[in-house]
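Spelled out, the chains give:
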Amino acid sequence: MSKLPFELLLALRYLRPRRSFVSIITVISIIGVALGVAVLIIVISVMTGFGHDLRERMLAFNSPIEIQMYDKPMDNYAEVMRVVSSNKNVTGVAPFVLGPVLVENEPTNGTGKSFATPYVRGIDVNAESSVTDLPKKILPGGSFDLSGQSVIIGSVFAEQMGLEVGDRLSIFSADEVNKMLRERGTTNEEAVLPDDYTVTGIFDLGYYDYNANFIGVSLENAQDLYDLNDNVHGLFVKLVDPDQAPQVAAQLENALGPAYKISTWEQQNGALLGAVTVEKSLMYYIMFFIVIVASFGITCTLITFVVMKTREVGLLKAVGASNYQVMLVFVLQSVVVSIFGVAGGLALGLFAIYIRNDALHFMNWLTGFELFPASIYGFSQLPAIVSPRDLIIICGGSFIICLLAAVLPARHASKMNTVEALRYE
Amino acid sequence: MNNSLLSARSLAKSYTMGKRTLEVLRGVDLEISRGEFLALRGASGAGKSTLLHLIGGLDSANAGEILFDGKDIAQFSETELAQYRNRRVGFIFQAYHLLPELNALENVCLPARVGRIAAETAEQRARELLEQVGLKERIDHRPYELSGGEQQRVAIARALIAGPELILADEPTGNLDSLTGTEIIELLRGLCVKRQSTLVIATHDAKVATSAQRVVELVDGRIAGA
C-alpha cells in the first residue's frame, strides 16, 4: 500500500476514477483554473512590460531631472552644470533648447506633407550621450551629425513628411514668426526667411509620440532659432538611479536656490505613468474574478463528488475518521486540482507571453485589423515583463481561491451524519 | 477485573420523519461481557441496527447511557468518539461498504491508516488478516473484482485490523447465500475467539443465532422477556 496519508491517497484515487464521468469534470475544473491563471499572467505581464517600456522609452529621450529657470532662459548654464555635476548621484548633464517650430519640407520624392509643427530640440552633441540614448537610436543610413545646418528627425515624422537622409527642410522658429507679425506694417518690416537644413539622420526611439513630433538640431542652431545668444532653456540631468529623481531633485533645489525650477520625469509624465499603474491594479482585480469564476467549477465538482461519495464518507466516519480527516480528503482533492490548474496556467501563460508577438501578428493578419495600433499605444511590439512578484501573487492568490472553493463541500462532507450517510442510496 | 465490557441502560432512540415520530428503541438494557458472542435477533425494523449504531458510536441515543469499559460514550468529545470507533470497535455491514477506489489490502489497511498506524505496520497486519480470511491471493483485487463472500471477508479483516475489543456485525450474511453465510459466521467466530474479541451480531436469521453463546431478542424496540 502506498505510504501516502490516507486522505491524500483517497483524494488522488477519487481524481482518477475508472469508468466515470467524474474524471472529465475534474479535467474541466483544471482547465478552468489554468485558463484563469494564464489570462492573469498574460495581462499582468503585458501591463508590467508596457509600464516598464514606457519608462525606458521616456528615459531614452528625456532625462530623469530637468532644470529650468522661472520665466527666463538660463544664462549661466556652465556654472549650473558644474554645481549639478558635483552631486554624487548625477552621471551626466547636458544643456538643451526646446520649443515648437514650423517646418516646411522639400522632399526629393515629391510626396508627403508640406508643413508640420514639431518640437525642435537643440542638442549639445558632446554632452547628449551622457544624458539620453538619442545618439544610439539613429537608423542605419544616417548619422548623429549636427554640424553646420544639419537636422535629425524622428522616423514617423520622416515617413509623414516623405523625408529621407540627404533631403532638405526649412525651419521657421516661433520667435521669428512672432517678430515678423509684430513688425508688420511698421517701417522696420522685413520678411523672415527660414533656415534650410539637411537631414543627416533619422532616429527611432521606439515611442510613437517622440518619433512623430521631435526633430533635433545643434545647440548653437537652436539658440539662433530662439535668439538665445549663449543662453539655453534648461539642463537635462541623468542619474545613477532614475528612481532616485525626487530625492536628487530636492538636493539640487537646495544647492541651486529658489530661482531654478527642477522637475522630475515622473512629475512631467505623472498622468500617463499613474494611469498605467492604476490600470494594472484594476486588471488584477478584474482578472482575479476569472479565477474566482473558475473556482466555482471546483466547488461544483466537489459537491458532485461529495454527493456521489456519501456512503463512503459514512464508512470513513464509521472506521474512526474524524470530521477534520474527512474534510481533508476533499480539500486535498481541490489542492491537487489547483496544483495542476495553476501549474498548467503558469506554463500556458508563459508560453503565450513567449509567442505573443507572433500571435499578435497572426491575429492582425487573421482579422485584418490592427489589434495593438502603434499610433495609440506608442509601441510597435507587444511589451511584456514576467515579474516573479506578479507570478507569486497570481499563482498564490489563485491557489488560495481554489482552496476556499473547496471549504463548503468539504465541510458539508465532514458534518454528515454517519448512519444517514451509510444508508444513502 | 470487571467482566462487563459494555453496559447499555434505558436506551431510547426515535427518528422524526416529517410530522411522524418513529420510536425505534424504547428503553433497552443490555450487558455485554468480554469475549462473549452475542446474537441480537429480531424482525426487520425491530431496532437491531439502531442498537448496534448506538453501541458503536455511529449515532447518539435520545435517552439512556452506554458505558464502555465503565465510561459513558455520550460524554466523549468528537475526537474521543472518532478514536473509540477507530480503535475499540470494529464494524461489519450487510452491504460490506468497501471503498471501490482501493484494493483489498488498502481497504483492510484503512482503519489503521485513519488511526495513524505506520504504513508498513498496517500493511503487514493487513496481509496477515487477509491470509487468515483466505484471501491471500486476492490482495490486489478491487471490490468489484471480488464475490460477495470475498468482499465480506475483506470487511471482516478491515474490522479487525485496529485490534478492537468489540466487533459489531450488522446482518453480515444478509447479502450472501446460506452456505457462504455459514462460512462467514464461522470465520468471524473463530477469529474473535482467537483474538478474545467480543462479537455482537445483529441478525434475523435463526440459524446464524444458533452459533452464538447468547441470544437476545428485540421486539418493537424492547428486549423480549426483559
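Everything quoted here is computed from the prediction, not taken from an experiment. (Residues numbered from 1 in each chain as written. Chains lettered and ligands numbered in written order. Predicted model: local features only at pLDDT ≥ 70, side-chain atom pairs only at ≥ 80, totals over all residues.)

**Some points on the overall build of chain B**
Move 1: Across its full length, chain B carries seven helices and ten strands.
Move 2: Taking 17 Å as the expected radius of gyration for a compact globule of 226 residues, we find that chain B reaches 17 Å, a close match to that expectation.
Move 3: The burial tally for chain B puts 50% of its 226 residues in the buried class.
Move 4: Put simply, 71% of the contacts in chain B that link residues at least 6 apart link residues at least 24 apart. (Helix = DSSP H or I, 4+ residues; strand = E, 2+ residues; numbered from the N terminus. Rg over C-alpha atoms; globule rule 2.2 N^0.38 Å. Buried ≥ 20, exposed ≤ 12 C-beta atoms within 10 Å, placed from the backbone. Contact = placed C-beta atoms within 7 Å.)

**Quick notes on the overall build of chain A**
Move 1: Within chain A, the regular secondary structure consists of 17 helices and ten strands.
Move 2: Since a compact globule built from 425 residues should have a radius of gyration of about 22 Å, the 32 Å found for chain A marks it as more spread out than a globular shape.
Move 3: For chain A, the proportion of its 425 residues judged to be buried stands at 40%.
Move 4: For chain A, contacts bridging at least 24 residues in sequence account for 85% of all contacts bridging at least 6.

**As for the domain arrangement of chain A**
Move 1: Examined at the domain level, chain A breaks down into domain 1 (6-56 + 273-423) and domain 2 (63-265).
Move 2: Here the C-alpha centre of domain 2 of chain A lies 51 Å away from the C-alpha centre of domain 1 of chain A. (Domains from an automatic or database assignment.)

**Quick look at the sheet that holds strand 5 (residues 71-72) of chain B**
All names here are of chain B.
Move 1: One open sheet holds the four strands; their spatial order is 2-1-4-5, and the pairing between them is antiparallel. Lying at the two open borders of the sheet, with one neighbouring strand each, are strand 2 (20-33) and strand 5.
Move 2: Here two bridges tie strand 4 (residues 63-68) to strand 5, and the two strands are oriented antiparallel to one another. Looking at strand 5, one finds that F68 is bridged to K71.
Move 3: Here helix 1 (residues 48-55) sits on the sheet and contacts strand 1 (4-17), strand 2 and strand 4; the angle it forms with strand 1, its principal contact strand, is near 120°. (Pairing = 2+ DSSP bridges. Axes fitted to C-alpha atoms, helices over the stretch in contact; angles between N-to-C directions.)

**A short note on helix 1 (residues 6-15) of chain A**
Move 1: Burial runs high along helix 1 of chain A: seven of the ten residues are buried.
Move 2: Those residues of helix 1 of chain A lying buried are F6, E7, L9, L10, A11, Y14 and L15 of chain A.

**Overview of the packing of helix 3 (residues 104-114) of chain B against helix 4 (residues 119-132) of chain B**
Residue and element names in this part refer to chain B.
Move 1: The interhelical angle for the contact between helix 3 and helix 4, taken along N-to-C directions, is 125°, at an axis separation of 9 Å. The orientation of helix 3 with respect to helix 4, classified from their angle, is oblique. In this structure, helix 3 meets helix 4 at a crossing whose hand is right-handed. Of the residues in helix 4, those in contact with A104, L105, V108, C109, A112 and R113 of helix 3 are A119, A122, E123, R125, A126, R127, L129 and L130. (Parallel < 35°, antiparallel > 145°, perpendicular 65-115°, else oblique. Left-handed = near helix turned anticlockwise from the far one by under 90°.)

**Quick look at unusual backbone geometry**
Move 1: In the Ramachandran plot, D227 of chain A falls in the positive-phi region, its phi being about 50° despite a non-glycine side chain.
Move 2: Tracing the backbone shows D227 of chain A in the loop between helix 8 (219-225) and strand 9 (234-239).
Move 3: The phi torsion at D69 of chain B lies on the positive side, around 55°, for a residue other than glycine.

**With respect to helix 6 (residues 178-195) of chain B**
Residue and element names in this part refer to chain B.
Move 1: With 18 residues, helix 6 should cover 26 Å at 1.5 Å per step; its first-to-last C-alpha distance of 26 Å lies within 8% of that length.
Move 2: Turning to helix 6, its buried residues number three or more, namely G181, I184, I185, L188 and C192. Projected onto a plane normal to the axis of helix 6, the buried residues spread over an arc of 95° and lie on a single side. Along helix 6, exposed side chains directed more than 90 degrees from the buried face belong to L179, E186, G190, V193 and K194.
Move 3: Check the buried side of helix 6 and you find it contacts strand 3 (37-42), helix 5 (148-160), strand 7 (166-170), strand 8 (198-203) and helix 7 (206-210).
Move 4: Remark: Q196 follows helix 6 within two positions and exhibits a positive phi of approximately 55°. (Expected span 1.5 Å × (residues − 1). Arc of directions from axis to C-beta.)

**Some details on the sheet that holds strand 7 of chain B**
Within a sheet, each strand pairs with its neighbour through backbone hydrogen bonds, oriented either parallel or antiparallel.
Residue and element names in this part refer to chain B.
Move 1: The mixed open sheet is built from six strands, whose spatial order is 6-7-8-3-9-10. Sheet topology places strand 6 (89-92) and strand 10 (222-223) at the edges, where each strand pairs with a single neighbour.
Move 2: Contacts from helix 5 reach strand 6 and strand 7, with the element oriented near 170° to strand 6.

**Regarding the pairing of strand 5 (residues 150-154) of chain A**
Residues and elements named next belong to chain A.
Move 1: When you tally the buried positions in strand 5, you get four out of five residues, the bulk of the element.
Move 2: Where strand 5 and strand 7 (residues 195-203) come together, five bridges link them in parallel fashion. Bridging across to strand 7, I153 finds its partner in I202.
Move 3: Where strand 5 meets strand 8 (residues 214-218), two bridges bridge the pair, whose relative direction is antiparallel. Looking at strand 8, one finds that I152 is bridged to G216.

**Notes on the interface of chain B and chain A**
Accessible area lost upon the coming together of the parts is a frequently used measure of interface size.
Move 1: Each partner contributes residues to the interface: chain B has 25 residues there, and chain A has 20 residues.
Move 2: Among the elements of the structure, helix 2 (78-88), helix 3 and helix 4 of chain B are those that each provide at least two residues to the side of chain B that touches chain A.
Move 3: For the side of chain B that touches chain A, a count of residues per class yields eleven nonpolar, six polar and eight charged. (Nonpolar A, V, L, I, M, F, W, Y, C, P; charged D, E, K, R; others polar.)

**Quick notes on the nonpolar core**
Soluble globular proteins tend to pack their nonpolar side chains together in the buried interior.
Move 1: Ranked by size, the top nonpolar core spans 127 residues in total, and within it V37 and F330 of chain A together with V108, L130 and A157 of chain B carry the most contacts.
Move 2: Of the residues forming this core, the biggest block, twelve residues, is contributed by helix 2 (residues 22-61) of chain A.
Move 3: Formed by 59 residues, the second largest nonpolar core is a distinct cluster that contains M58, V93, L146 and V248 of chain A. (Core = buried A, V, L, I, M, F, W, Y, C linked by C-beta atoms within 7 Å.)

**Some remarks on the packing of helix 13 (residues 323-354) of chain A against helix 16 (residues 388-414) of chain A**
Residue and element names in this part refer to chain A.
Move 1: Two numbers describe how helix 13 lies on helix 16: the axes approach to 8 Å, and their chain directions differ by 150°. As the angle between them shows, helix 13 and helix 16 are arranged roughly antiparallel. Both helix 13 and helix 16 take part in a crossing whose hand is right-handed. Of the residues in helix 16, those touching helix 13 at N323, V326, M327, F330, V331, S334, V335, V337, S338, G341, V342 and L346 are C395, S398, F399, C402, L403, A405, A406, P409, A410, R411, A413 and S414.
Move 2: Residue composition of the contact of helix 13 with helix 16, by class: 17 nonpolar, six polar and one charged.

**Comments concerning the confidence of the model for chain B**
Move 1: For chain B, per-residue confidence averages 92 on the pLDDT scale, and 99% of positions sit at 70 or higher.
Move 2: In the model output, the complex is listed with pTM 0.76 alongside ipTM 0.94. (pLDDT = per-residue confidence, 0-100.)

**Concerning the environment of F214 of chain A**
Residue and element names in this part refer to chain A.
Move 1: Mapped onto the elements, F214 comes out in strand 8.
Move 2: Between the C-alpha atoms of F214 and P409, which are 195 residues apart in sequence, the distance is 63 Å.
Move 3: Residues in contact with F214, not counting those within four places in the same chain, are P118, Y119, R121 and G154.

**Some details on the pairing of strand 4 (residues 119-123) of chain A**
All names here are of chain A.
Move 1: Burial of strand 4 is extensive: four of the five residues sit out of reach of the surface.
Move 2: Across five bridges, the pairing between strand 2 (residues 90-106) and strand 4 is antiparallel. Note on strand 4: the bridge partner recorded for P100 is Y119.
Move 3: In this sheet, strand 8 lies alongside strand 4 in parallel orientation, the contact comprising five bridges. Following the sheet pairing, G122 is matched in strand 8 by V217.

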